[in-house]
Amino acid sequence: MDEAAEILLQFSQVSSSIYNLSLKRWQDRGGKIVGLVCSYVPEELFTAAGILPFRLRATGSLDTSQGDPYAGAFTCSYVRHLLSMAFSGAYDFLDGIVCFNSCDHARRVYDIWSRKLTTPFQHYISVPHKGGADQVAVYRKELEVLKKSLESSFGVSIHDEDLRQAIRVHNQARRLQKIIYDLKAQESPPLSGAETLSILIAGTAMPKEEYNLLLKKLIPVLKARTGTSGYIARLMVAGSCLDNPAYIQVFEELGALIVTDLLCFGADACWSLIDETSADPLEALARYQLDERIPCARMVGQYPRRLGFIKDMVKTFNVNGVVCERMKFCDIWAAENLLFKRSLQESGIPVLSLEREYMLGNVGQMKTRIQAFLETITEGKKCHSPG
Amino acid sequence: MSQPRLARPWYLSQGVGHLKQVVQMAECNPGAIPGPDLAFVKLNLAAAEKVEKAVEGGQPFVWLNISLPTEPFLAMDLPYLHIGDYMFSAIGAGRIEAITEALDLAESIGSPSTACAFYKIPIGAIAAGQYPTPSVMIAGSHPCQQAIAGWEVMGELVKAPIFYFEPPTRNDEATVDYLAEELQRMIGYLEKHTGKKMEVDRLREVVEESNQAQELSLEVSEMRKAVPCPLKSSFLNLTSGGRWHMGMPETTALFREMHFEAVARIKRGDRAVPQEKFRVLWYDLGVLFTPIYDWLEKEWGAVVAMDLTSYNPEIFVDTSSYESMLKGLGRRFLNYEAMQRVNHGLAVRFIDEFVRVYSDYKCNLAVYSGHYADKGRPVLLSILKEVCRERGIPLLALPFDSFDPRVVSEKHIQDKISQFFSTIELL
């Protein structure tokens with residue numbers, strides 16, 4: 001096994017489980033871990049406090065039996081699996097949890113968690129859905145309260161310089177992840193879409209310094225690697241929270257290559273950097289989340305930015321088709337995908353709309369649809385080729 | 001998709017047309033329509049005629065998201081059309097098929113079947129060119145994610161200037177201050193895009209009008225606490241509907257009419273139902289496509305003592321200054337419309353209010369309808385069930401879509417209610 005394969009395996013192990021060796025080592029040293037629902041809670045604040053931020057997934061969940069009594073048939077399966085895992089004890093290792101009003105499904109996680117589970121630190125923040133200076137100021141205040149709450153609950157002090165240092169560390173991760181994406185823009189990328197997603201997920205589940213070291217080792221090896229060729233089409237995936245590389249693998253087993261994405265576990269996590277020199281680092285964190293990162297569909301009035309991002313990606317990554325996916329019952333991404341489909345097809349970009357559950361299932365049907373989509377792209381290529 | 005241009009959109013030709021017919025008919029047959037009901041129709045007609053006049057005269061008018069205070073628009077002489085007005089017009093005109101046609105169209109262009117009909121109906125109506133195109137849209141991220149999804153699509157379909165009113169999920173003084181500023185930002189946006197100006201004295205007049213309406217409305221609500229309840233359950237629909245137009249003299253007239261009727265009923269010793277067996281707290285959205293409250297009274301001798309959309313705490317707006325008015329309107333916004341008041345934040349706010357109102361209105365059972373499309377409701381229901389069990393409150397969980405008769409039919413809803421009431425009777 002070459003060095004790249006070894007590191008990729010390590011990332012794959014982290015992304016395909018909840019509790020991993022890095023977390024264990026962290027806790028063995030007395031480190032604290034706080035779980036975050038969705039991506040609008042700034043990880044940097046926790047790193048600055050010496051706490052490991054862990055993005056909550058339901059990887060490995062087999063069913064929703066323990067979550068279902070608290071949810072409904074129309075609650076998204078991420079939330080149902082997450083609650084089920086939490087009730088099964090899979091998240092007992094957490095020292096805390098922070099939730100926010102990401103969407104109506106996820107907002108209610110806090111309602112249940114705070115009533116039923118005994119995770120020592122539990123905090124809810126109200127994150128604006130709109131960008132702009134006024135909302136950044138509101139969000140900054142929320143972060144100030146969260147900061148004070150972390151300080152008193154964990155007996156730490158978070159100074160501005162700690163925050164700036166944390167921002168630098170996380171930005172370093174973003175820069176390294178961006179290099180991974182740059183490699184994917186090549187005609188023969190040295191890694192698959194599934195491997196890329198694994199790498200990005202691992203970044204939310206292990207100490208950032210350790211993660212950065214691994215990426216620094218991985219990148220030169222990848223650069224020297226022979227790239228993938230012979231794929232049928234280069235695809236982009238856009239949509240709601242997707243934290244399972246096996247989904248990407250289904251596409252790639254059929255001959256497609258996922259070269260880029262608009263996913264909160266993917267390109268969205270690394271495409272913009274946070275101001276490292278701001279006199280007010282809390283404000284910089286709030287500004288990044290509301291104004292600077294690629295906005296999630298939860299952010300209102302931002303459709304043109306998201307569409308613009310997709311169109312830029314299509315050009316930069318030489319994308320042949322876009323997969324607009326959404327988790328079942330995710331209405332905000334449904335609206336987004338409805339609009340993406342109209343706009344992208346008007347621009348001559350093939351689109352596949354895919355509704356899915358959190359856990360991979362219905363693979364046969366999914367494969368049939370992907371195959372048909374790939375055939376459409378292939379036929380389109382033939383029609384447009386000069387010969 | 002571009003909107004087909006119709007000579008006269010359905011909302012104006014049929015929806016408003018129906019209201020005019022009702023008023024004309026009432027004038028020819030005095031007493032044929034009860035006073036409060038007629039006042040309600042007149043209120044809606046007055047609001048709709050402003051829109052009609054603006055459309056026909058090429059003057060600016062605005063589309064409005066749910067829950068927003070209407071006083072600033074009235075003070076700026078800006079006609080507004082609530083985004084739910086198409087649906088309410090269709091219900092008023094007894095044209096449920098206009099709703100289902102709009103829903104079918106919205107779904108045919110990609111709106112999911114499980115998204116909220118409240119926003120899907122206007123999407124369908126817009127796609128069919130049945131709504132007049134506004135000068136400005138005042139959208140919002142409240143009261144739930146359905147608004148986010150709905151306005152994003154409507155914004156792209158219509159392409160008019162759009163302002164997103166953004167309330168936090170908290171309910172405290174800092175939020176009130178923020179909302180006053182957000183209202184000012186909204187007013188600035190309206191001034192810029194419509195050319196209309198805010199006049200402080202005019203705002204004061206309008207707010208004083210809405211304070212009057214608020215006072216009357218609270219007194220009517222207070223009278224519902226009497227056992228047996230002297231007021232019909234359907235009065236609640238007039239209350240919640242009236243609050244969509246706070247600041248209009250016709251709203252005050254409606255609440256005055258309701259107040260007059262309520263006092264008269266009490267003096268006469270009237271009761272909502274001859275033998276009040278059940279006092280219901282209906283604490284979610286109602287069934288909008290069929291008069292379920294009337295059926296409850298007739299079939300089960302059950303009066304709805306209070307419901308989620310009609311309840312509101314006492315909040316008067318201080319008119320001493322422009323700032324105090326914006327702050328007061330911000331506070332009222334936070335605490336007025338049900339979805340914003342208790343559904344926008346954490347469950348504890350809903351639960352606390354539910355328990356308090358159940359006790360204040362001396363209810364002996366509760367219904368939680370759990371509007372299907374609201375994805376936050378199942379979790380809320382699971383908590384509510386526990387709370388009701390602990391407190392011995394009989395609770396009927398009755399999921400349906402408040403606006404979409406295709407999801408759960410009237411018959412099914414009635415059957416479920418009957419099963420529940422039969423069980424309660426046996427206890």
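Since the model is a prediction, treat every value here as computed from it, not as a measurement. (Residues numbered from 1 in each chain as written. Chains lettered and ligands numbered in written order. Predicted model: local features only at pLDDT ≥ 70, side-chain atom pairs only at ≥ 80, totals over all residues. Heavy atoms only, no water.)

(A) The packing of aromatic side chains, seen in detail. Within the structure shown, the criterion is met by 36 aromatic pairs over all chains. On the basis of an interplanar angle of 50° and a centroid distance of 6.2 Å, the ring pair of Trp 271 of chain A and Phe 317 of chain A is categorised as tilted. You can see Trp 271 of chain A sitting in the loop between strand 6 (256-262) and helix 11 (281-292) and its partner Phe 317 of chain A sitting in the loop between helix 12 (303-316) and strand 7 (321-327), a full 46 residues away along the chain. Classification of Phe 317 of chain A by relative accessible area gives buried; the value is 1%. Taken together, the ring pairs in this structure connect Tyr 19, Phe 54, Tyr 91, Phe 93 and Trp 113 of chain A into an aromatic cluster. Directly above the aromatic system of Phe 163 of chain B lies the positively charged group of Lys 130 of chain A, at a separation of 4.3 Å from the ring centroid. Across from the ring centre of Tyr 336 of chain B, 5.3 Å away, lies the NZ or CZ of Arg 243 of chain B, which sits over that ring. (Phe/Tyr/Trp six-rings, centres within 6.5 Å; stacked < 30°, edge-to-face > 60°. Helix = DSSP H or I, 4+ residues; strand = E, 2+ residues; numbered from the N terminus. Buried < 20%, exposed > 50% of the residue type's maximum accessible area, 1.4 Å probe, protein only. Lys NZ or Arg CZ within 6 Å of the ring centre and 35° of its normal.)

(B) Molecular detail of the state of the cysteines. Taken as a whole and assessed by the stated rule, the structure comprises 0 disulfides over all chains. The cysteine Cys 330 of chain A is free of any disulfide, with Cys 103 of chain A supplying the nearest cysteine sulfur at 6.3 Å. The thiol sulfur of Cys 116 of chain B is not disulfide-bonded, and the nearest other cysteine sulfur, from Cys 144 of chain B, lies at 6.0 Å. (Disulfide = S-S within 2.5 Å.)

(C) Seen up close, the pairing of strand 4 (residues 162-165) of chain B. Residues and elements named next belong to chain B. Here 4 bridges tie strand 3 (residues 136-140) to strand 4, and the two strands are oriented parallel to one another. Residue pairing across strands places Gly 140 opposite Phe 165, the latter belonging to strand 4. In the classification by handedness, the crossover that spans strand 3, the intervening helix 7 (residues 145-158) and the parallel strand 4 is right-handed. (Pairing = 2+ DSSP bridges. Right-handed = clockwise from strand over helix to strand, strands pointing away.)

(D) Seen up close, the interface of chain A and chain B. Chain A puts 46 residues into the contact, and the matching count from chain B is 44 residues. In total, about 3,800 Å² of surface goes out of reach between chain A and chain B, with carbon and sulfur atoms giving 57% of it. The tally of links from chain A across to chain B stands at 7 salt bridges. Arg 115 of chain A is the partner of Glu 386 of chain B in a salt bridge, and the nearest nitrogen-oxygen pair spans 3.8 Å. Taken together, the connections running from chain A to chain B amount to 22 residue pairs in polar contact (both at pLDDT 80 or more). Listed by contribution, the elements that provide at least two residues to the side of chain A that touches chain B are helix 5 (104-116), strand 4 (121-125), helix 6 (133-154), helix 12 and helix 13 (331-346) of chain A. Here the element with the most residues in the side of chain A that touches chain B is helix 5 of chain A; it accounts for 9 residues. For the side of chain A that touches chain B, the per-class residue count stands at 22 nonpolar, 9 polar and 15 charged. (Contact = heavy atoms within 4.5 Å. Buried area = accessible area lost by both parts, 1.4 Å probe. Salt bridge = Lys/Arg side-chain N within 4 Å of Asp/Glu carboxyl O. Polar contact = N/O pair within 3.5 Å; in protein donor to acceptor, adjacent residues only side chain to side chain. Nonpolar A, V, L, I, M, F, W, Y, C, P; charged D, E, K, R; others polar.)

(E) Quick peek at the sheet that holds strand 2 (residues 51-55) of chain A. Residues and elements named next belong to chain A. With parallel pairing, the 4 strands of this open sheet are ordered in space as 2-1-3-4. This sheet does not close on itself; its edge strands, each paired only once, are strand 2 and strand 4. Adjacent strand axes in the sheet meet at a mean angle of 20°, parallel and antiparallel pairs treated alike. Two elements, strand 1 (residues 32-36) and strand 3 (residues 96-100), share 3 bridges in a ladder whose sense is parallel. Residue pairing across strands places Gly 35 opposite Ile 97, the latter belonging to strand 3. The sheet strands contacting helix 6 are strand 1, strand 2, strand 3 and strand 4, and the helix crosses strand 4 at an angle near 175°. (Axes fitted to C-alpha atoms, helices over the stretch in contact; angles between N-to-C directions.)

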